[in-house]
Amino acid sequence: GYSAAKAARLLLSRSLLRRIRAIRLSPICTSRNYHGYHITDFEQVDPHFGTLDALKRLIEIVHSRGMHIVTDFVPNHCDFTHPFFTEAKSHPSNRYRNWFYFNADGTYKSFLNFDELPKLNLDFHEARDYMTDVAKYWCGLGFDGLRIDHIIGPSFAFWRHWMKEMKQAFPKKVFFGEAWGIGIDTTLMATTHLKNIWHKQHHGISQEELQRDYVGELDGILDFRYRDILLSHIAKGERILGNRQLEKEVRHHFAKYPRGFKLFLFLDNHDTDRFLGEGQDSLALKQGLALLLTINRIPQIYYGCELLMHGPKSEGD
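All of the points below concern the structure found in this document.

What about the overall build of the protein?
Logical step 1: Tallying secondary structure elements over the protein gives 12 helices and nine strands in all.
Logical step 2: Expected size for 317 residues packed as a compact globule is a radius of gyration near 20 Å; at 20 Å, the protein falls within 12% of this value.
Logical step 3: Along the longest, intermediate and shortest principal axes, the C-alpha atoms of the protein span 65 × 50 × 35 Å.
Logical step 4: A separation of at least 24 residues holds for 72% of the contacts in the protein among residues at least 6 apart in sequence.
Logical step 5: When the accessible area of the protein is evaluated, it comes to approximately 15600 Å², of which 52% is carbon and sulfur surface.
Logical step 6: For the protein, the distance from the average position of its 41 positive side-chain charges to the average position of its 38 negative side-chain charges is 9 Å.

In structure tokens:
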């Protein structure tokens, strides 16, 4: 299934676009930053995207074409200008104080120690229920699922409660997460809720193990490990299509996950450099896309990839 002829048929015609069956949006909530991860209001559409009615119309149009649409959900943290946090910071007895992780000296826990992104205490029942209700609200508008940002931030207790609530309300919707371990050292682990954290502190984070920690917790995971395997062979100057060792490693990787757990494959996304920014040429990109589309998993194509866009990720991402 990895032949060059099949790659050509997929990529040298319009068949690539015809194969797209879903659209994934970046965070749509009101945010202080253009990319949407510094949320200041979890319940409103950011004005630079348009209005709530425009969003509803988009969802309607997508569904009318037999396609699905999902959006990015960011439950772990908010922006430091969010009203909940500014109120919580104002006084220790404020109603929102327990929604965050404040220390006795007034400092607080944040997303990977970025002070502008205070971390929500989603094990506090009010914050937990609020964030669950937010997810229900957006799914209730018609989204077919959620891509969940930084799932290693909230606790597993939160995810079990959240998934139980979401599946009761929306049994057919899909909820998959981003668990990425790169750059997370022992100082940053304190801002997360990792399984077997003692082992990870002393031996480092294995991306494979990190992803597998969420089997049985969520519907699926963004497969950073697949990308690592692919890039390791390309770095050696090897071709992608017809590479039996690569195929063997990929099959071995997939075998570590039970049937039904969804692996979302990609070549690049907003957290990584563009695939062509990794020193690859357009042929490698076309082969990578062909492999992505012929493996029996769920492929994702980052916007601009189909135009052979290249370069490093944005400094703001």
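Don't stop here, the text continues.
Describing the pattern of salt bridges
Logical step 1: Summed over the entire model, instances satisfying the criterion amount to 14 salt bridges.
Logical step 2: Lys200 is paired through a salt bridge with Asp213; the nearest N and O atoms lie 3.1 Å apart. On the criterion of sequence distance, the pair formed by Lys200 in helix H8 (residues 197–203) and Asp213 in the loop between helix H9 (207–212) and strand S7 (220–222) is long-range, its members being 13 residues apart. The same class applies to Lys200 and to Asp213, which are both buried.
Logical step 3: The partner of Glu208 in a salt bridge is Arg225, and the shortest N-O contact between them spans 3.9 Å.

Some details on the nonpolar core
Logical step 1: Ranked by internal contacts, the top residues of the largest apolar core, which has 83 residues, are Trp99, Phe100, Ile148, Trp162, Tyr214, Tyr226 and Leu230.
Logical step 2: When residues of this core are assigned to their parent elements, the largest contribution, seven residues, is made by helix H5 (residues 125–140).
Logical step 3: When near neighbours in sequence (up to four residues on either side) are disregarded, Ile148 contacts Asp72, Phe73, Pro75, Trp159, Trp162, Phe175, Phe176, Gly177, Glu178 and Leu218.
Logical step 4: Phe176, Leu222, Phe224 and Phe264 belong to the second-largest nonpolar core, a separate cluster that totals five residues.

Analysis parameters
Residues numbered from 1 in each chain as written. Predicted model: local features only at pLDDT ≥ 70, side-chain atom pairs only at ≥ 80, totals over all residues. Heavy atoms only, no water. Helix = DSSP H or I, 4+ residues; strand = E, 2+ residues; numbered from the N terminus. Rg over C-alpha atoms; globule rule 2.2 N^0.38 Å. Contact = heavy atoms within 4.5 Å. Areas by Shrake-Rupley, 256 points an atom, 1.4 Å probe, with all protein chains shown as cover. Lys, Arg positive; Asp, Glu negative; His and termini not counted. Charge placed at Lys NZ, Arg CZ, Asp CG, Glu CD. Salt bridge = Lys/Arg side-chain N within 4 Å of Asp/Glu carboxyl O. Buried < 20%, exposed > 50% of the residue type's maximum accessible area, 1.4 Å probe, protein only. Core = buried A, V, L, I, M, F, W, Y, C linked by side-chain atoms within 4.5 Å.

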